[in-house]
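# Examination of the molecular architecture
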Amino acid sequence: MKLGICGLPNVGKSTLFNSLTKAGAESANYPFCTIDPNVGIVPVPDERLQLLGDLYHSKKVTPATIEFVDIAGLVKGASKGEGLGNQFLSNIREVDAIVHVVRCFEDDNVIHVDGSVDPVRDIETINLELIFSDLEILERRIAKVARGARNDKKLAKEEDLLKRIKAHLEDGKSAKTFEVADEEEEELFATYNLLTAKPTIFAANVAEDDLADDGASNPNVAKVREFAKEDGDGVFVICAQIEQELSELSEEEKQEYLADLGAESSGLDKLIAASYDLLGLMSFLTSGEDETRAWTIKKGTKAPQAAGKIHTDFERGFIKAEVVNYKDLLEQGSLAAAREKGLVGMEGKEYIVQDGDVILFRFNV
């Protein structure tokens, strides 16, 4: 999973990016991987993995990972090259979802680029830049398609689709609210990779005092939640400053600090939960002496396609999946004991994998 973190300057975006990547790396003892200065890969915290790893005495425990891309330089006019906008708008096209950091705290010492705290205005500023960037993509595509549309029915249909999407965006609406007419249009729409079609999670950045009640008493957070409802976007409350402090602590100290604040989970945990929920993702597990590992798949994935996440040969030669829930496996202490109790199922091609399934795939190629 790849998430792009964007937002206006001075909203806490880079503080959040730096603390998330650092905290993630330390808490799971996973080497922080910097592909370039704006990209960090962090593990998905999953307590099930270590428990299974201990059960099997696994040589290696491998969590699922999330790649964060810090989209810097987004200001008014970014789509026209203001700030570093154009350069980073191209980076964000490759992400699965956008994490939009919005300032919901008052602090006279932190200057706001527009002079006051107004999260909905800030969201609309960024959204407008994303719309402008999408319009540029559509205009280039229309120019290309129009040349052949007169003599090609397929291209003529695509030209019509492109012009309808363009008119929708020109009304100030995001591409995710555009309704396609049929499956063929849906397939074409996906190929345009429009920024405003991507699922979005708003990170409402609050002051420390607003963490305990999850921003319930903060009117700015209420505005963000109301705005997000319209497009079905996610929202989670975070204090980037606290995340920075948490990133310096051990796991034990972190839990104590969160308890003192009255917060149930860290920003990284909230973000991962919101991302998985928004994108309809979950994890199944494989475990053995060599390795215990988490694999991220879409909810509703059938057993052969889940096997294909490990290796294409597993999907091609799929025979059966031996499946046990991780809790049952841990309670029984071994796969053999779980089998004796009838807790292990032999599942076929139509089995829909569930979150927390520990699977042994049988295949033949």
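## Focus: the overall build of the protein
For the protein, the count of helices and strands is 14 helices and 13 strands. For the protein, buried positions account for 48% of its 365 residues. With an accessible surface of roughly 18,100 Å², the protein has 48% of that area assigned to carbon and sulfur atoms.

## Examining the nonpolar core
Grouped together as the largest cluster of nonpolar side chains are 48 residues, with contacts concentrated most on Phe68 and Leu271. Ranked by the residues each element gives to this core, the list is headed by helix H10 (residues 267–279), at six residues. When residues no more than four places from it in sequence are discounted, the contact partners of Phe68 are Leu3, Ile5, Phe17, Leu20, Thr21, Asn38, Val39, Gly40, Val42, Leu268 and Leu271. Counting 19 residues, the second largest nonpolar core, distinct from the first, contains Val102, Ala228, Val237 and Cys239.

## Structural notes on the packing of helix H5 (residues 153–170) against helix H6 (residues 183–191)
A pair of packed helices is characterised by two quantities: the angle between their axes and the separation of those axes. Between H5 and H6, the least distance of the axes is 11 Å, while the angle of their chain directions is 65°. One element, H5, and the other, H6, form an angle in the roughly perpendicular class. Read as a crossing pair, H5 and H6 show a hand that is right-handed. In this structure, H5 uses Lys154, Lys157, Glu158, Leu161, Arg164 and Ile165 to contact H6, whose residues at the interface are Glu184, Glu185, Leu188 and Phe189. Of the residues in the contact of H5 with H6, the class split is four nonpolar, no polar and six charged.

## Some points on the packing of helix H4 (residues 119–149) against helix H7 (residues 219–231)
Between H4 and H7, the least distance of the axes is 9 Å, while the angle of their chain directions is 40°. With respect to their mutual orientation, H4 and H7 come out oblique. Facing Pro119, Val120, Ile123, Glu124 and Asn127 of H4, the residues of H7 in contact are Asn220, Lys223, Val224 and Phe227. For the contact of H4 with H7, the residue count by class is five nonpolar, two polar and two charged.

## So, H7
Each turn of an α-helix holds 3.6 residues, which means side chains three or four residues apart point in the same direction. Within H7, burial applies to Asn220, Val221, Val224, Phe227 and Ala228. Along H7, the residues classed as buried sweep out an arc of 125° about the axis, all on the same side. Exposed residues on H7 whose side chains face more than 90 degrees from its buried face are Pro219, Lys229 and Glu230. Buried-residue contacts for H7 involve strand E6 (97–103), H4, strand E7 (200–205) and strand E8 (234–238).

## Here we look at a negative patch on the surface
On the surface, a cluster of negative charge is contributed by Glu252, Glu253, Glu256 and Asp260. Inspection of the secondary structure assignment puts Asp260 in helix H9 (residues 251–261).

## Focus on the pattern of salt bridges
Scanning the model with the defined rule gives 26 salt bridges in all. Between Asp134 and Arg93 there is a salt bridge, and its shortest N-O distance comes to 3.3 Å. In this pair, Asp134 sits in helix H4 while Arg93 sits in the loop between helix H3 (85–92) and E6, placing the two residues 41 residues apart along the sequence. Across the pair, exposure class does not vary: Asp134 and Arg93 are buried alike. Asp214 is the salt-bridge partner of Lys270, the closest N and O atoms lying 3.3 Å from each other. One end of the pair, Lys270, is in helix H10; the other, Asp214, is in the loop between E7 and H7, with 56 residues separating them in the sequence. Given the relative accessible area of 34%, Asp214 is considered partly exposed.

## Observations regarding unusual backbone geometry
Located in the positive-phi region is His57, a residue other than glycine, with phi close to 50°. By the element assignment, His57 lies in the loop between helix H2 (47–56) and strand E4 (60–62). In this structure, Asp214 is a non-glycine residue whose phi angle is positive, near 55°.

## Considerations on the packing of aromatic side chains
Under the definition given, this model contains six aromatic pairs. Between Phe284 and Phe361 the ring centres are 6.0 Å apart and the planes differ by 90°, which places this aromatic pair in the edge-to-face class. Here Phe361 lies in strand E13 (residues 357–363) and Phe284 lies in strand E9 (residues 281–287), a separation of 77 residues in the sequence. There is no split in this pair, since Phe284 and Phe361 are both buried. By way of ring pairs, the aromatic residues Phe284, Trp295, Phe318 and Phe361 are connected into one cluster. One residue, Arg293, lies across the ring of Trp295, its end atom 4.1 Å from the ring centre.

Calculation notes
Residues numbered from 1 in each chain as written. Predicted model: local features only at pLDDT ≥ 70, side-chain atom pairs only at ≥ 80, totals over all residues. Heavy atoms only, no water. Helix = DSSP H or I, 4+ residues; strand = E, 2+ residues; numbered from the N terminus. Buried < 20%, exposed > 50% of the residue type's maximum accessible area, 1.4 Å probe, protein only. Areas by Shrake-Rupley, 256 points an atom, 1.4 Å probe, with all protein chains shown as cover. Core = buried A, V, L, I, M, F, W, Y, C linked by side-chain atoms within 4.5 Å. Contact = heavy atoms within 4.5 Å. Axes fitted to C-alpha atoms, helices over the stretch in contact; angles between N-to-C directions. Parallel < 35°, antiparallel > 145°, perpendicular 65-115°, else oblique. Left-handed = near helix turned anticlockwise from the far one by under 90°. Nonpolar A, V, L, I, M, F, W, Y, C, P; charged D, E, K, R; others polar. Arc of directions from axis to C-beta. Patch = residues over 30% accessible without salt bridge, like charges linked within 9 Å, V, L, I, M, F, W, Y side chains within 5 Å. Salt bridge = Lys/Arg side-chain N within 4 Å of Asp/Glu carboxyl O. Lys, Arg positive; Asp, Glu negative; His and termini not counted. Charge placed at Lys NZ, Arg CZ, Asp CG, Glu CD. Phe/Tyr/Trp six-rings, centres within 6.5 Å; stacked < 30°, edge-to-face > 60°. Lys NZ or Arg CZ within 6 Å of the ring centre and 35° of its normal.

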